[in-house]
Amino acid sequence: MLDAPKHLAQPGHAVDTSAPIRAMRAEGGRIGVDLADGRSRKLSTRWLRLACECEVCGDTASGKRWLTPADVAKAIHAESFDLSVPGGITVIWQDGHVSHYDPAVLAAQIDGSGPAPFQPQLWDNDLSQRLGSFAFDDVVADDAALFSSLRALRDHGIAMLTGVPAETEATARIAGRYGPIRDTSYGKVFDLISRPDARVAGETARAQIPHTDEPFRYSPPGFIFFHAIRTGAGSGGTSLMVDGFHVAALMRARTPDLFDLLTRHGVTFHREHHGEVFFSAEAHVFSLDAAGAITGIRYNDRCLAPQRAPLDQIDSLIEALAELTRLICDPQNQFQHQLAPGEALVFDNQRVLHGRTAFDPTLAVRHLRSCNIDRDGVHSAFRSLARRFAPEEAEQVLYQGAIF
Ligand SMILES: [Fe+2]
């Protein structure tokens, strides 16, 4: 095996003492790397070639990318390495192609120190002390204030907006700051007003167990706005919010078998208005990432179809759903809040469950205005603003929701 010559900083060139990588050389099918701290590590040659983002290879961030994995042969070989220019590493390949790399990017790959998954901050009935609250005037006019509220959404899955004017345009204006508003069966911005001929449960005066909305969709709403226009303070209708990640953690600790069932047994949710719509989705109640961390929840007791499972599994599945329902209904796990006109709750519908106590429809008309924002729109807004206000947070791996 012919190895390319080892290139250290050459005499006559300034030595970049802050460089994380001191030397690189071909070693068999891989690349040996000497790090500044004295460690020696290996790097995949194929990975390095694919990481080239020169004008010929194109870049993946913009999607104008021309080099494909199939273009890089298993036996790819680097002829030489030049580390003499501070802040850059040049590699010349066997076919003469020249690649330039950022040493910090290579060092991060070697350490496996890519962006760490973000750790959500769980809450129960103690949320009131931690709930982020943001004024309409600030969020619509000031990107820094918007970013602060996006951080609160990332951390807790919920934030409060205050001083939101009652006009529909105001709801749309502030919601639109968080991402494109999703068009739904009810329109983009829609009103939920209690009425005797209610079409959906949200228009009745009955209590609602905390739930996520529309789990019968393959991709449920990402973030939901509840803008209070008129509320019957003193006559019930208190909002009940539950951190689904918190109840999942409780279930995982207390009844691991039941928790496990809800991460791998399909549960069917449906919604049918005859002749108009018929939604049905079979999915896991708890979605996990590849490392087993929870990324999303979908659960609405009112949308549960008769479940399908073999006789020896059906009772366990029902008990798992019953245990989850008990945890959701436990006031210990609920943040309770009586919305006032001008307040808007915005929350992650694939993490936070929302419900309310019953109210007396003869004493109060309850009018909430609502709209949905897709989850990746909100996370895109967060990352874009993080590039400006907190660059170290921009590439955090955010929890991706109820993915299947
Ligand atoms: Fe709902």
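Residues numbered from 1 in each chain as written. Predicted model: local features only at pLDDT ≥ 70, side-chain atom pairs only at ≥ 80, totals over all residues.

## Some details on the environment of Cys52
Here comes step 1: Relative to the helices and strands, Cys52 is located in the loop between helix H1 (45-50) and strand E4 (78-82).
Here comes step 2: With 19 C-beta atoms packed within 10 Å, Cys52 lands in the partly exposed category.
Here comes step 3: Cys52 sits 90 residues away from Asp142 along the chain, and the two C-alpha atoms are 38 Å apart. (Helix = DSSP H or I, 4+ residues; strand = E, 2+ residues; numbered from the N terminus. Buried ≥ 20, exposed ≤ 12 C-beta atoms within 10 Å, placed from the backbone.)

## A short note on the sheet that holds strand E12 (residues 239-243)
Here comes step 1: Pairing in this open sheet of four strands is antiparallel, and the strands run E10-E19-E12-E17 from one edge to the other. Edge positions in the sheet fall to strand E10 (208-211) and strand E17 (334-337), since each of these pairs with one other strand and no more. Averaged over all pairs of adjacent strands, the angle between their axes in this sheet comes to 20°, without regard to strand direction.
Here comes step 2: Relative to strand E19 (residues 352-356), E10 runs antiparallel, the two being bridged by two bridges. The partner of Gln208 across the bridge, within E19, is Arg356. (Pairing = 2+ DSSP bridges. Axes fitted to C-alpha atoms, helices over the stretch in contact; angles between N-to-C directions.)

## Focus on helix H5 (residues 168-176)
Here comes step 1: Taken residue by residue, H5 has Thr171, Ile174 and Ala175 as its buried positions. Each buried residue of H5 sits inside an arc of 100° when the element is viewed along its axis, so together they form one side.
Here comes step 2: Next to the buried residues of H5 lie helix H3 (136-141), strand E8 (158-162), strand E9 (189-193), strand E11 (223-230) and strand E20 (367-373). (Arc of directions from axis to C-beta. Contact = placed C-beta atoms within 7 Å.)

## Quick notes on the nonpolar core
Generally speaking, soluble globular proteins have nonpolar side chains that are buried together.
Here comes step 1: Ranked by internal contacts, the top residues of the largest apolar core, which has 63 residues, are Leu161, Leu324, Ala344, Val346 and Phe347.
Here comes step 2: Per-element tally for this core: the top contributor is E11, with six residues.
Here comes step 3: Leave out the neighbours within four places in its chain, and Leu324 touches Val247, Met251, Leu262, Val285 and Tyr299.
Here comes step 4: In this structure, Met24, Leu83, Val91 and Tyr101 belong to the second largest nonpolar core, which totals 13 residues. (Core = buried A, V, L, I, M, F, W, Y, C linked by C-beta atoms within 7 Å.)

## Regarding the sheet that holds strand E6 (residues 98-101)
Sheets are built from strands paired through backbone hydrogen bonds, the pairs being either parallel or antiparallel.
Here comes step 1: The strand order E4-E5-E6 describes an open sheet built from three strands, whose pairing is antiparallel. Looking at which strands have only one partner, the edges of the open sheet turn out to be E4 and E6. Pairwise comparison of adjacent strand axes, ignoring direction, gives a mean angle of 20° for this sheet.
Here comes step 2: Bridge count between E4 and strand E5 (residues 89-93): four bridges; the pairing is antiparallel. The residue of E5 that forms the bridge with Asp82 is Thr90.

## A short note on the confidence of the model for the protein
Here comes step 1: Model confidence for the protein is summarised by a mean pLDDT of 91, while 94% of its residues fall at 70 or above.
Here comes step 2: In the predicted structure, residues 1-16 sits below a pLDDT of 50 and forms 28 contacts with residues beyond four places in sequence or in another chain. (pLDDT = per-residue confidence, 0-100.)

## Some thoughts on the domain arrangement of the protein
Here comes step 1: For the protein, the assigned domains are domain 1 (21-111) and domain 2 (127-393).
Here comes step 2: Each of domain 1 and domain 2 has a C-alpha centre, and the two are 45 Å apart. (Domains from an automatic or database assignment.)

## Thoughts on unusual backbone geometry
The bulk of non-glycine residues show a negative phi, and the bulk of peptide bonds are trans.
Here comes step 1: Positive phi, close to 55°, is recorded for Glu214, a residue that is not glycine.
Here comes step 2: You can see Glu214 is positioned in the loop between E10 and E11.
Here comes step 3: By C-beta crowding, Glu214 is classed as buried, having 21 other C-beta atoms within 10 Å.

## Details of helix H7 (residues 256-264)
Given 3.6 residues per helical turn, the α-helix brings residues three or four places apart onto the same face.
Here comes step 1: Buried residues of H7: Phe259, Leu261 and Leu262, and no others. End-on view of H7: buried residues confined to an arc of 155°, all on one side of the axis. The exposed set on the far side of H7, more than 90 degrees from its buried face, consists of Pro256, Asp257 and Arg264.

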